[in-house]
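Below, each chain spelled out in residue letters.
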Amino acid sequence: MNGDSSGKQQADFDALVASDQRIEPRDWMPDGYRKTLIRQIAQHAHSEIIGMQPEGNWITRAPSLRRKAILMAKVQDEAGHGLYLYSAAETLGVDRAELLDLLHAGKQRYSSIFNYPTLTWADMGAIGWLVDGAAIVNQVPICRCSYGPYARAMIRICKEESFHQRQGFEILHTLSNGTPEQKAMAQDAVDRWWWPSLMMFGPTDAESPNSAQSMAWGIKRFSNDELRQRFIDMSVPQAQVLGLTLPDPDLAFDDASGHWVPGPIDWDEFYAVLQGDGACNEERLANRRAAHDEGAWVREAADAYAAKQAVRSSQAVA
C-alpha cells in the first residue's frame, strides 16, 4: 500500500474520531488502535467470567430463596456480559478461544478486584454496591466509545450492572439496619472492599501507560483519576444513607474543589495483586482452567452440530 493511500486512511480515521462518530469493523483503523481495543475488551471479558467465582461461591449459602434467586440471576448476567464482550473482540479479527488460552496461560489480565476472597454474606452487598458501582462509573462512558461494537455491547451491560449495584446496596441496607452483629458484618465487608474498589480504576494518570492514547482515540472518555473521583463523590453520601463508615480517616470534603478527597492509596498492594500475589489469584485461574477443560465436550458437541447443519444446508441447496 502506497503512502498516499495510507495517509488518506489515517486522515479518514482521525476525522471519524474527531467528529465523535463510530469506527466499525470494516473500517480501516491503526494497528495500535486495534491492539488497544483487543487488550481492553479481552480484559473486560475475562473480568466478567472470573468475577462469577467469588459470588457463585455464595449461591448455595444465600440466606433465603429470594436472595439465592437474585444472586443466581446476577451470576448468569455476568456470564452473558463475558459473551457479549468476546463477541465484540472477535469483530477485531481475534478468536475468543485464543483470548481464553492467553487468560489461562496468565498472559492476559482480568480486574485485580476479583483476587480478593468473599468471607461473609455481606461481601455480596459490598461487591454489588462498591465493585459494581465502580464498574458502572468506569463503563457508562464506554457506551460512547469510538468503536461501535464495544459501545453497543456496553449499553446492555451497564443497564444490568445498575441492577447489580442496587441489589448490593439493598443487601447492605438490610444488614446495617438489622442486629448489631449484622451491621458489624456489613461494616467489615465495606472495610475490606473500599480500597480495592478505588484501585479498580487503575493507576494514577501519571503512572498509567495507556490512558492518554486511549482518550485521544475516543476509547476512553475520562482519565483514571477523574473516574475514581466521580466514584468517591458518589459513594460518600450513599455510605451516609447506609449508616456505614468508609475506612479512610483522611477522607475529607474540599470546599475549593467541591470534591471528597481520599487518603493515600496503597499502590504497592495493587501492583502485588496485579502481578499474581493476591489472596485468590492462583485459585481463580485454576478454577477457570478446570471449568474450561470440563466443558470441552459441550464445545465439541456444538461444533459437531454446526458441521452437521452445514452439510444439510449444502445438500438442500444442491
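Structural data are supplied above this passage.
A brief report on the enclosed structure follows. None of these values were measured; they are calculated from a predicted model. (Residues numbered from 1 in each chain as written. Predicted model: local features only at pLDDT ≥ 70, side-chain atom pairs only at ≥ 80, totals over all residues. Heavy atoms only, no water.)

Describing the packing of aromatic side chains
- Evaluation of the coordinates by the stated rule reveals 10 aromatic pairs.
- Measuring from centroid to centroid gives 5.7 Å for Tyr-33 and Trp-217, while their planes differ by 90 degrees, and the two rings are edge-to-face. Of the two residues, Tyr-33 sits in helix H2 (residues 31-50) while Trp-217 sits in the loop between helix H9 (211-216) and helix H10 (224-242), which places them 184 residues apart along the sequence.
- The buried category is assigned to Tyr-33, whose relative accessible area is 0%.
- Trp-217 sits in the buried class, given a relative accessible area of 15%.
- Of the aromatic side chains, those joined through ring pairs into one cluster are Phe-13, Trp-28, Tyr-33 and Trp-217.
- Here the basic side chain of Arg-61 rests over the ring of Trp-58, its NZ or CZ set 3.8 Å away from the ring centre.
- Residue placement shows Arg-230 over the ring face of Phe-222; its charged tip is 3.9 Å from the ring centre. (Phe/Tyr/Trp six-rings, centres within 6.5 Å; stacked < 30°, edge-to-face > 60°. Helix = DSSP H or I, 4+ residues; strand = E, 2+ residues; numbered from the N terminus. Buried < 20%, exposed > 50% of the residue type's maximum accessible area, 1.4 Å probe, protein only. Lys NZ or Arg CZ within 6 Å of the ring centre and 35° of its normal.)

Focus on unusual backbone geometry
- Look at Asp-20: it is not a glycine, yet its phi comes out positive at around 60 degrees.
- Mapped onto the elements, Asp-20 comes out in the loop between helix H1 (3-18) and H2.

Topic: the nonpolar core
- Tyr-33, Leu-37, Tyr-147, Tyr-150 and Trp-193 are the most contacted members of the largest nonpolar core, which totals 77 residues.
- The dominant element in this core, judged by the number of residues it contributes, is helix H6 (residues 122-139), at nine residues.
- When residues no more than four places from it in sequence are discounted, the contact partners of Tyr-150 are Leu-37, Gln-40, Ile-41, His-44, Leu-85, Ala-88, Ile-142 and Cys-145. (Core = buried A, V, L, I, M, F, W, Y, C linked by side-chain atoms within 4.5 Å. Contact = heavy atoms within 4.5 Å.)

Some points on the packing of H6 against helix H8 (residues 180-199)
- It is the contact of H6 with H8, at a shortest axis distance of 8 Å, that shows an interaxial angle of 30 degrees. Between H6 and H8, the angle is such that the two are roughly parallel. Considering the relative orientation of H6 and H8, their crossing is right-handed. Between H6 and H8, the residues in contact are Ala-122, Asp-123, Ala-126, Ile-127, Trp-129, Leu-130, Val-131 and Ala-134 and Met-185, Ala-186, Ala-189, Val-190, Arg-192, Trp-193, Trp-194 and Ser-197, respectively.
- Tallied by class, the residues present in the contact of H6 with H8 amount to 13 nonpolar, one polar and two charged. (Axes fitted to C-alpha atoms, helices over the stretch in contact; angles between N-to-C directions. Parallel < 35°, antiparallel > 145°, perpendicular 65-115°, else oblique. Left-handed = near helix turned anticlockwise from the far one by under 90°. Nonpolar A, V, L, I, M, F, W, Y, C, P; charged D, E, K, R; others polar.)

A short note on the pattern of salt bridges
- Going through the model one piece at a time under the given rule, you end up with 12 salt bridges.
- For Arg-152, the salt bridge goes to Glu-24, with nearest N and O atoms at 2.9 Å. You can see Arg-152 sitting in helix H7 (residues 148-176) and its partner Glu-24 sitting in the loop between H1 and H2, a full 128 residues away along the chain.
- Salt bridges sharing partners connect three or more residues here, namely Glu-55, Lys-74 and Asp-132. (Salt bridge = Lys/Arg side-chain N within 4 Å of Asp/Glu carboxyl O.)

Quick look at the side chain of Arg-284
- Mapped onto the elements of the fold, Arg-284 is located in helix H12 (residues 281-294).
- Setting aside residues no more than four positions away along its own chain, Arg-284 makes contact with Ile-50, Gln-53, Pro-54, Tyr-110, Phe-114, Asn-115, Tyr-116 and Pro-117.

Some thoughts on helix H11 (residues 267-277)
- Along H11, the residues that are buried comprise Trp-267, Phe-270 and Val-273. Buried positions in H11, seen along its axis, are confined to an arc of 125 degrees and lie on one side of it. Of the exposed residues in H11, the ones pointing more than 90 degrees away from its buried face are Asp-268, Gln-275 and Asp-277.
- Structurally, H11 contributes buried residues whose contacts are with H8, H10 and H12.
- Capping the start of H11, Asp-266 holds a side-chain oxygen 3.2 Å from the backbone nitrogen of Asp-268, two or three residues further along. (Arc of directions from axis to C-beta. Polar contact = N/O pair within 3.5 Å; in protein donor to acceptor, adjacent residues only side chain to side chain.)

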